[in-house]
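Per-entry structural report
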Amino acid sequence: MIRKWLLPLLAGLAAAAIAWHGTLVATPYVLMSAAMKRIGNADGNGRANVFAFGPMATADRQPIVRPSPDLVYSSCVFDLSQGGVLVDVEPVPEHYWSISIFDARTDVAAVRSDRDTGGKTARLALLRKGQKAPAGYEAVELGYDRGIALIRILLSDPAEFEQIDAIRRKSKCRTVSAKLLEK
Amino acid sequence: MKPWLRYSICILLGLAGGTVYAVHQVRGADMGRQVTNGPWSANTDQGTADASALTRARVALFGLLALPAKEAMYFIARTDSEGKPLDGRCIYTVNGGELDARWWSITLYKGEGWLVKNEANRWSVGGNAPERDANGNWSFTVSPQSVDGVWLPTGRTPQFDLTLRTYHPKGALLNDPAKAKLPTIKRETCA
């Protein structure tokens, strides 16, 4: 009796290990994919490679889990399948700001803040392997086509929102032809 | 029972059990508990390729798009300093000193990490809000109803957590967060 069940039980244990690991590995991709869908539609544009300039987070507006109510978020859902994506971040004087590039697995491919740029514009070229960044852009090589570029700007007072909003809307996220990125 | 049926039963149970256990593990903790310091827990490898599959899954659920540690350290407290779960019907005093970071804030969340509706429309206390005493120490109140001084509303949610964000952390805050001096959370009274 025991011998009859031994091999099936071992197969069941192997299946459990595979399902356990598969679930853990799949979770970030699934949640990131859902976030890209939600964030890409945050300002109704629903398009990739364009910044969505969302309002400040409140209890009624929470596009992602654990949003900071002190930060203004601007997000660009990028897609490198047709070429590279260039990101230009307009600096906000005397405020903490940063641009972070998250890949489809949720890993951070790059973070640049006002501390790193000395308060100057951050210019990043999001590329696949084998592509070359245009002059003036820092190359960020990604292992996946899709992801999110996220700008955070810290407000010391919510009353600053209007002024900061006007500045951040100068930031750009745009595609560039793969031909222009050839080495 | 035929052999194929025995295999089918065991494999199906295995697949279901493995999936349920993974979901339980991911949901059962915060962004990870690599480091604990009093009531606070933090993860030091979020967003990096070094993160384990479990850490990556937890961070995706509880703090998607979190910054890596050198840019920001996130500490989450689900209990007070005595280990009792934070309860939105109670009044707490949060006490601290200067934190070795460019800026910090403490935000109140419920569930996986959602801001709580409250009458004051306030969800966080920034590092510039509480007054300092002569030694640089500060305090504020977390409570269901308005109080004098700096106040963070609980919205009477039964359970909540406090998330301490520190941007551009330095010193122990970044390099030895288990020993950094972090705020205390003292339960005063409960309704």
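Before going into details, it helps to say that this report is about the structure given with it. Treat the numbers as computed from the prediction; the structure is a model and nothing was measured.

1. A word on the overall build of chain B
- If you tally the helices and strands in chain B, you get 3 helices and 11 strands.
- The order of helices and strands in chain B, counted from the N terminus, is α-β-β-α-β-β-β-β-β-β-β-β-α-β.
- For the C-alpha atoms alone, the extent of chain B along its principal axes is close to 80 × 40 × 30 Å.
- Looking at chain B as a whole, 54% of its 191 residues are labelled buried.
- Contacts in chain B between residues at least 24 apart in sequence constitute 72% of all its contacts with a sequence separation of at least 6.
- A total of about 8,600 Å² of accessible surface is found on chain B, and carbon and sulfur atoms cover 53% of it.
- Separation between the mean location of the 22 positive side-chain charges and that of the 17 negative ones in chain B comes to 9 Å.

2. Some details on the side chain of Ser171(A)
- With respect to the helices, strands and loops of the structure, Ser171(A) is situated in the loop between helix H3 (161-168) and strand S9 (172-177).
- Within the local environment of Ser171(A), its side chain forms a polar contact with the backbone nitrogen of Glu90(A), the two atoms lying 2.9 Å apart.

3. Quick word on the environment of Leu12(B)
- On the secondary structure map, Leu12(B) appears in helix H1 (residues 3-27).
- Taking the C-alpha atoms as reference points, Leu12(B) and Arg102(B), 90 residues apart in sequence, are found 52 Å from one another.

4. Details of a nonpolar patch on the surface
- Side chains of Met1(B), Trp4(B), Leu5(B), Ile9(B) and Leu13(B) sit close together on the surface and give an oily, nonpolar patch of about 540 Å² of accessible area.
- Relative to the helices and strands, Met1(B) resides in the segment before H1.

5. Things to note about the interface of chain B and chain A
- On the chain A side, the residues contacting the 55 residues of chain B number 52 residues.
- Interface of chain B and chain A: buried area, both sides summed, is about 4,500 Å²; carbon and sulfur atoms make up 66% of it.
- Counting across the chain B and chain A interface gives 4 salt bridges.
- Across the pair Arg102(B) and Asp114(A) runs a salt bridge, and its minimum N-O distance is 2.6 Å.
- Our count for the contact surface shared by chain B and chain A stands at 18 residue pairs in polar contact (both at pLDDT 80 or more).
- With 13 residues, the single largest contributor to the side of chain B that touches chain A is H1(B).
- Residues of the side of chain B that touches chain A, tallied by class, amount to 31 nonpolar, 14 polar and 10 charged.

6. Details of the state of the cysteines
Residue and element names in this part refer to chain B.
- If you walk through the whole model with that rule in mind, you get 2 disulfides over all chains.
- At a sulfur-sulfur separation of 1.9 Å, the disulfide partner of Cys90 is Cys190. The disulfide joining Cys90 to Cys190 has a torsion of about 100 degrees about its S-S bond and is therefore right-handed. Residue Cys90 is found in strand S4 (residues 90-96), and its partner Cys190 is found in strand S11 (residues 184-190); the two are separated by 100 residues along the sequence.
- Since its relative accessible area comes to 2%, Cys90 is described here as buried.
- Cys190 gets classed as partly exposed once you look at its relative accessible area, which sits at 39%.

7. Here's the deal with H3(A)
Residues and elements named next belong to chain A.
- Turning to H3, its buried residues number three or more, namely Ile164, Asp165, Ile167 and Arg168. Seen from one end, H3 has its buried residues packed into an arc of 165 degrees, which puts them on one side. Residues of H3 that are exposed and point more than 90 degrees away from the buried face comprise Glu162 and Gln163.

8. Brief notes about the pairing of strand S2 (residues 71-79) of chain A
Residue and element names in this part refer to chain A.
- The buried fraction of S2 is high, at 8 of 9 residues.
- As defined by bridge partners, strand S1 (residues 51-53) adjoins S2 across 3 bridges and the pair is classed as antiparallel. Bridging across to S2, Ala52 finds its partner in Ser75.
- Pairing geometry for S2 and strand S8 (residues 146-154), over 9 bridges, is antiparallel. By the bridge assignment, Val77 is partnered in S8 with Ile148.

9. Overview of the packing of H1(B) against helix H2 (residues 53-63) of chain B
Residue and element names in this part refer to chain B.
- At their nearest, the axes of H1 and H2 sit 9 Å apart, and the two run at 60 degrees to each other. Viewed along their axes, H1 and H2 adopt a mutual orientation that is oblique. Note that H1 runs across H2; the crossing there is right-handed. Where H1 approaches H2, its residues Gln25, Val26 and Arg27 are matched on the opposing element by Leu54, Ala57, Arg58, Leu61 and Phe62.

10. A word on the environment of Phe160(B)
Residue and element names in this part refer to chain B.
- With respect to the element layout, Phe160 can be found in the loop between strand S9 (151-153) and strand S10 (161-169).
- Residues Phe160 and Val116, 44 residues apart in the sequence, show an inter-C-alpha distance of 8.9 Å.
- The contacts of Phe160, once residues within four sequence positions are left out, are Ala77, Arg78, Leu86, Asp87, Gly88, Tyr92, Leu108, Tyr109, Lys110, Val142 and Thr154.

11. Description of the sheet that holds S9(A)
Residues and elements named next belong to chain A.
- With mixed pairing, 4 strands are arranged side by side in an open sheet as S7-S6-S3-S9. With partners counted over all chains shown, the strands left at the sheet margins are strand S7 (138-141) and S9, one partner each. Across the sheet, the mean angle from the axis of one strand to that of its neighbour is 25 degrees, orientation sign disregarded.
- Sheet topology note: the strand S6 (residues 122-127)/S7 ladder contains 4 bridges and is parallel. What sits directly across from Leu127, in S7, is Glu141.

Rules used throughout
Residues numbered from 1 in each chain as written. Chains lettered and ligands numbered in written order. Predicted model: local features only at pLDDT ≥ 70, side-chain atom pairs only at ≥ 80, totals over all residues. Heavy atoms only, no water. Helix = DSSP H or I, 4+ residues; strand = E, 2+ residues; numbered from the N terminus. Buried < 20%, exposed > 50% of the residue type's maximum accessible area, 1.4 Å probe, protein only. Contact = heavy atoms within 4.5 Å. Areas by Shrake-Rupley, 256 points an atom, 1.4 Å probe, with all protein chains shown as cover. Lys, Arg positive; Asp, Glu negative; His and termini not counted. Charge placed at Lys NZ, Arg CZ, Asp CG, Glu CD. Polar contact = N/O pair within 3.5 Å; in protein donor to acceptor, adjacent residues only side chain to side chain. Patch = residues over 30% accessible without salt bridge, like charges linked within 9 Å, V, L, I, M, F, W, Y side chains within 5 Å. Salt bridge = Lys/Arg side-chain N within 4 Å of Asp/Glu carboxyl O. Buried area = accessible area lost by both parts, 1.4 Å probe. Nonpolar A, V, L, I, M, F, W, Y, C, P; charged D, E, K, R; others polar. Disulfide = S-S within 2.5 Å. Arc of directions from axis to C-beta. Pairing = 2+ DSSP bridges. Axes fitted to C-alpha atoms, helices over the stretch in contact; angles between N-to-C directions. Parallel < 35°, antiparallel > 145°, perpendicular 65-115°, else oblique. Left-handed = near helix turned anticlockwise from the far one by under 90°.

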